[in-house]
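Spelled out from the first residue to the last, the chains are:
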Amino acid sequence: MADETQRPYKMLYFENQEVNGKKQSGKFKPLRVRFLYPSIESIPLGRTHLQKYGNNGRFARILCLNNGKPKAELSKDNCPLCKASSYDIPSNKYYAFVEDLNDGSALKLLEFNWGLGKQLDEIAEIKGRPLHDLVFTLSKKGEKLDTSYTPILEDTSKFDVAEYLGLLGLEDFPQLTGIDHVPILQLTEEQIVNFLKGIYPWASKDGGDYKKRTVLGGVTVTVRGAQTAIVDEEEDDVVDEVDDFEATNDRPSPTGFF
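Residues numbered from 1 in each chain as written. Predicted model: local features only at pLDDT ≥ 70, side-chain atom pairs only at ≥ 80, totals over all residues. Heavy atoms only, no water.

Novice: Just to check I follow, could you spell out the pairing of strand β3 (residues 22-28) for this structure?
Specialist: Side chains on a regular strand alternate between the two faces of the sheet. Across 3 bridges, strand β2 (residues 16-19) lies against β3 in antiparallel orientation. Each residue of the ladder has a partner; that of Val19, found in β3, is Lys22. Between the end of β2 and the start of β3, which pair antiparallel, lie 2 residues, with Asn20 showing a positive phi angle near 55°. (Pairing = 2+ DSSP bridges. Helix = DSSP H or I, 4+ residues; strand = E, 2+ residues; numbered from the N terminus.)

Novice: What am I meant to see in the state of the cysteines here?
Specialist: Per the counting criterion, the structure on display carries 0 disulfides. Left unpaired, Cys64 is separated from the closest cysteine sulfur, that of Cys82, by 3.5 Å. (Disulfide = S-S within 2.5 Å.)

Novice: Looking at this structure, I do not really get the confidence of the model for the protein. What am I missing?
Specialist: It should be kept in mind that the predicted coordinates are not to be read in detail where pLDDT is low. Mean pLDDT for the protein: 80, with 76% of residues reaching 70 or above. Taken as a whole, residues 1-5 scores under 50 in pLDDT and shows 7 contacts with residues more than four places along the chain or in a different chain. Scored below 50 in pLDDT, residues 205-256 makes 137 contacts in the model with residues more than four places away or belonging to other chains. (pLDDT = per-residue confidence, 0-100. Contact = heavy atoms within 4.5 Å.)

Novice: Help me understand the pairing of strand β9 (residues 134-141), please; the structure alone is not making it clear to me.
Specialist: Within β9, 6 of the 8 residues are buried, which leaves it mostly tucked inside the rest of the structure. One ladder, built from 4 bridges, connects strand β4 (residues 31-35) with β9; its direction is antiparallel. Bridging across to β9, Arg32 finds its partner in Thr137. Pairing analysis gives 8 bridges linking β9 to strand β10 (residues 148-156), with the strands arranged antiparallel. (Buried < 20%, exposed > 50% of the residue type's maximum accessible area, 1.4 Å probe, protein only.)

In structure tokens, the structure reads:
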């Protein structure tokens, strides 16, 4: 596993507010971020499953085999993960690299729903500025289907994304999808079936046990001159897969899809 300090980014989550050490249901700490894209249409959008695996409480995001299909063609029969899930087919979510202004301008990856994306798009349009020139405070309230997100514009200033990434030792955003050491696994139907059996795409068989490889599998990023594997995050709280609605009309441009 890569050293925690060598990762080029982490996932960014809304964390529950706490009172006397107890998490408050439906109440979350706000995020203060800058989206590193010129527009919402530039942000990757896709359907993913959050799938638990192994015995250590880990979760992996896996691209749904319904991803990219028209609404009329969506079916649980298309994807083994949809069949195995107690949830409905996952809704489209955005996956955006952001500057986390609550954490020293660290690079983070944020998952958010179509509804929040539409609000951000409208604010950028009103301001007549690229999305990356805007700083937002994002709030989240509620639970599951009763969840609401509100973006509050805090600042408007010209921002050079390439310069920001260069200071991190990156020429471009890290790879989002692939087979190993990426935030979203893009697997074939056979690989998904094997995953559900505990046979993972990054594993090699040794004495009947499937163990995680220590090699990079060809998927690397360059950070300060060193090759660094992107590994799965351990999560204390499972992200709800039902806190979104499915867009039916006025859909975002498909150019941002995986």
